[in-house]
Amino acid sequence: MSSDNPNNASGPLDFVRQIVADDLGTGKYQGRVHTRFPPEPNGYLHIGHAKSICLNFGIAAENAGGLCNLRFDDTNPCKEEVEYVESIKQDVRWLGFDWADREYYASDYFDQLHEWAVRLIRKGKAYVCDLSADEIREYRGTLTQPGRNSPYRDRSIEENLDLFARMRAGEFPDGARTLRAKIDMAAANVNLRDPVMYRILHATHHRTGDKWCIYPMYDFTHGQSDSIERITHSICTLEFENHRPLYDWYIDALEIYHPRQIEFARLNLTYTVMSKRRLLELVQGGHVRGWDDPRMPTISGLRRRGYSPEAIRGFCSVVGVAKFNSTVDIQLLEHCLREELNRTSPRVMAVLRPLKLVIDNYPADLVEEMDAVNNPEDPSAGTRKIPFSRELWIEQDDFMEDPPKKYFRLGPGREVRLRYGYFVRCTDFVKDAANRVVEVHATYDPATRGGESPPDGRKVQGTIHWVSAAHARPAEARLYDHLFTVEDPGDVPEGGHFTDNLNPRSLEVVPRCWVEPSLAAARAGSRCQFERLGYFCVDPDSTPERLVFNRTATLKDTWAKIQKRT
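Keep in mind the model is a prediction, meaning the values are calculated, not measured. The residue count restarts for each chain, going from 1 along the sequence in the order it is written. Residue-level local features of this predicted model are given only where pLDDT is at least 70; pairs of side-chain atoms are given and counted only at 80 or more, and the full residue set underlies all totals for whole chains, interfaces and linings. Working from all heavy atoms in the structure, the side-chain values ignore hydrogens and water.

Caption draft 1: Just the sheet that holds strand β22 (residues 467-468), in detail. Here we have seven strands laid out as an open sheet, ordered β21-β18-β19-β20-β14-β17-β22, and mixed in their pairing. Pairing within the sheet leaves two strands with one partner each, and these edge strands are β21 (463-464) and β22. If DSSP finds at least two bridges between two strands, the strands pair. Think of it this way: any DSSP run of H or I at least four residues long counts as a helix, any run of E at least two long counts as a strand, and we number them from the N terminus. The sheet contact formed by strand β14 (residues 354-359) and strand β20 (residues 437-445) spans four bridges and is parallel. Within β20, the residue paired with Lys356 across the bridge is Glu439.

This is how it looks when you write it as structure tokens:
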């Protein structure tokens, strides 16, 4: 294995990759590297999951013969839907990863898990408990006080086997009994205080139907699923660190193959919530349009906004893998996005808030085809033709009736360069009854075609974009901003709610824009840069008759400026 980091840049390995490298060096697991990504299918994946996906699939890809499974932790039939399963598969594939034929489900192992539960009962290491959920919590104790043994803890093996079989047969109602591991009610780690292994739940499972009315808990399922799949390195987020002793206890008690659990810090972003519960609340409360709303941190939302998989993978590589939780500035994510889109996005011209520009000395029946560069960062992208005519649309902000000294765009008597067009000088303007400028008049210099400097050598300081009024296509632009107004949306006064920090201006819809005709056939998901305005993506709502563009990011890069100052 290379000693370089995953970007092939010089530098030490992160601590997870170092553990894998050390295990390979000692011959542990016979030189195998086998990881897994184990989402619970009860919601859509978000940017935090992307970090885990990149880590697990990345480590497998970096090692010869390495494998990574996709395993769905579908142990709770009440919260899981096929919709979530399909969306997760789509997201992982879109990020650029593939699990080949290794798509597994915890429910594939229900029979084996049940058999192992019976084995633990026979070994005197599990018992059926009649305490209610509230009573179990009461008996568990606190971080400073030991728990108390359940009055049912010393049932005989025969009685426990009988009761567990009757639980399996559906004899008891939901919540009447549980199967618990018999470990140590005085353990310092509360996860070892006789945790619940199985609960009664009369619910239809999305894969097993009504075969089961008892379902294993995550902690009993997790390690054993890893063992069945012969996983070498079970990589989890940091909240599972305190669960590792239980992970190890189950595997050791069952005397089965033992993977190694490693924990890393989860990803937190400013101006963002990552909790599935809170994201679900945003969707169900109508605060966003759905799981794929471009303001959401879900992978489907980021995709719809215009993020590329390369940008997300690059961000995950930059933030790295740490042992301690922290919060990453969302501006770093946006910086990685701009870096990628600047390299790859074709440039086009669009006018979001149109103002008519009439070039009075340009022939009324003349249409010229101007050459425009598709991407100055990529010479191989070539050029395209843009129609130029007497009447154009320009941005309202590119004209001022009484411009200040350092305003270098159009104003009375002022001259500017039209991008790929001509030099034009403002000669007049027209106002409506409300005293708003609705039309600007100008003359052009034929000697400046393509924006070239004129023979007399005069210079202009401003260049503005435009589209031909006769050829441009109408479009709608959706301008997105942060969903929350504060860095930590959960930071609210007593009695407050995180939705109190929602940004009322997180979406501005501009219904009547104009874009150059080359975008007429743009397909949903295609990305581009509107020159001088930002990066945009075609929304799935778009049709040939009504183009819809989502603003992915502005051109301004705050993170790059911060880095220059530090």
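Caption draft 2: Seen up close, the pairing of strand β5 (residues 178-181). Buried means the residue's accessible area, taken with a 1.4 Å probe over protein chains only, is under 20% of the maximum for its type, while exposed means over 50%, and partly exposed covers the values in between. Side-chain alternation along β5 places Thr178 and Arg180 on one buried face and Leu179 and Ala181 on a second face that is also buried. With four bridges connecting them, strand β4 (residues 126-129) and β5 associate as antiparallel partners. By the bridge assignment, Cys129 is partnered in β5 with Thr178. By the bridge criterion, three bridges tie β5 to strand β6 (residues 196-200) in an arrangement that is antiparallel. Residue pairing across strands places Thr178 opposite Arg199, the latter belonging to β6.

Caption draft 3: Seen up close, the environment of Thr485. With respect to the secondary-structure elements, Thr485 resides in the loop between β23 (473-480) and β24 (507-515). As for Thr485 and Arg295, which are separated by 190 residues in sequence, their C-alpha atoms are 13 Å apart. Contact criterion: two residues are considered in contact whenever any of their non-hydrogen atoms come within 4.5 Å of each other. Discounting residues that sit within four places of it in the chain, Thr485 has contacts with Tyr271, Asn501, Leu502, Asn503 and Pro504.

Caption draft 4: Here's a closer look at the nonpolar core. Residues belong to a common nonpolar core when they are buried Ala, Val, Leu, Ile, Met, Phe, Trp, Tyr or Cys residues joined through side-chain atoms within 4.5 Å. Membership of the largest hydrophobic core comes to 38 residues, with the highest contact counts inside it found for Ile47, Ile53, Phe57, Val92, Leu95, Ile312 and Phe315. Every element with two or more residues in this core is listed here: α2 (47-62), β2 (67-72), α3 (82-94), β10 (267-269), α10 (299-305), α11 (309-319) and α12 (330-344). In contact with Ile312, other than residues within four places in its own chain, are Ile47, Ala50, Trp94, Leu95, Leu302 and Tyr307. Counting residues in hydrophobic clusters, the runner-up holds 35 residues, among them Leu120, Leu179, Trp212 and Ile256.

Caption draft 5: Highlighting the packing of helix α4 (residues 110-122) against helix α6 (residues 157-168). The axes used here are C-alpha line fits, helices contributing only the stretch in contact, and every angle between their N-to-C directions lies in the interval 0 to 180 degrees. Contact geometry of α4 with α6 gives a least axis separation of 9 Å together with a crossing angle of 160°. As far as their axial angle goes, α6 and α4 are roughly antiparallel. For the crossing formed where α4 meets α6, the hand is right-handed. Contacts between α4 and α6 pair His114, Ala117, Val118, Ile121 and Arg122 from the former with Ile157, Asn160, Leu161, Phe164 and Arg168 from the latter. Relative orientations are named as follows: roughly parallel for angles under 35 degrees, roughly antiparallel for angles over 145 degrees, roughly perpendicular for angles from 65 to 115 degrees, and oblique for any other angle. Crossing handedness: left-handed means the near helix sits turned counterclockwise from the far one by under a right angle, and right-handed means the same turn made clockwise.

Caption draft 6: Examining α3 more closely. Here the expected length of a helix is defined as 1.5 Å per residue gap, with one fewer gap than residues. Its 13 residues give α3 an end-to-end C-alpha distance of 18 Å, which sits within 8% of 18 Å, the value for a rise of 1.5 Å per residue. Within the sequence span of α3, burial applies to Tyr84, Val85, Ser87, Ile88, Lys89, Asp91, Val92 and Trp94.

Caption draft 7: Seen up close, the side chain of Asp194. Looking at the element boundaries, Asp194 is found in the loop between β5 and β6. The exposure class of Asp194 is buried, given its relative accessible area of 1%. A polar atom in the side chain of Asp194 sits 2.8 Å from the backbone nitrogen of Ile183. Nitrogen and oxygen atoms within 3.5 Å of one another constitute a polar contact, given that in protein one can donate a hydrogen and the other can accept it, and given that sequence-neighbouring residues count only through two side-chain atoms. A distance of 3.5 Å separates a polar side-chain atom of Asp194 from the backbone nitrogen of Asp184.

Keep in mind these numbers describe shape, not what the thing actually does.
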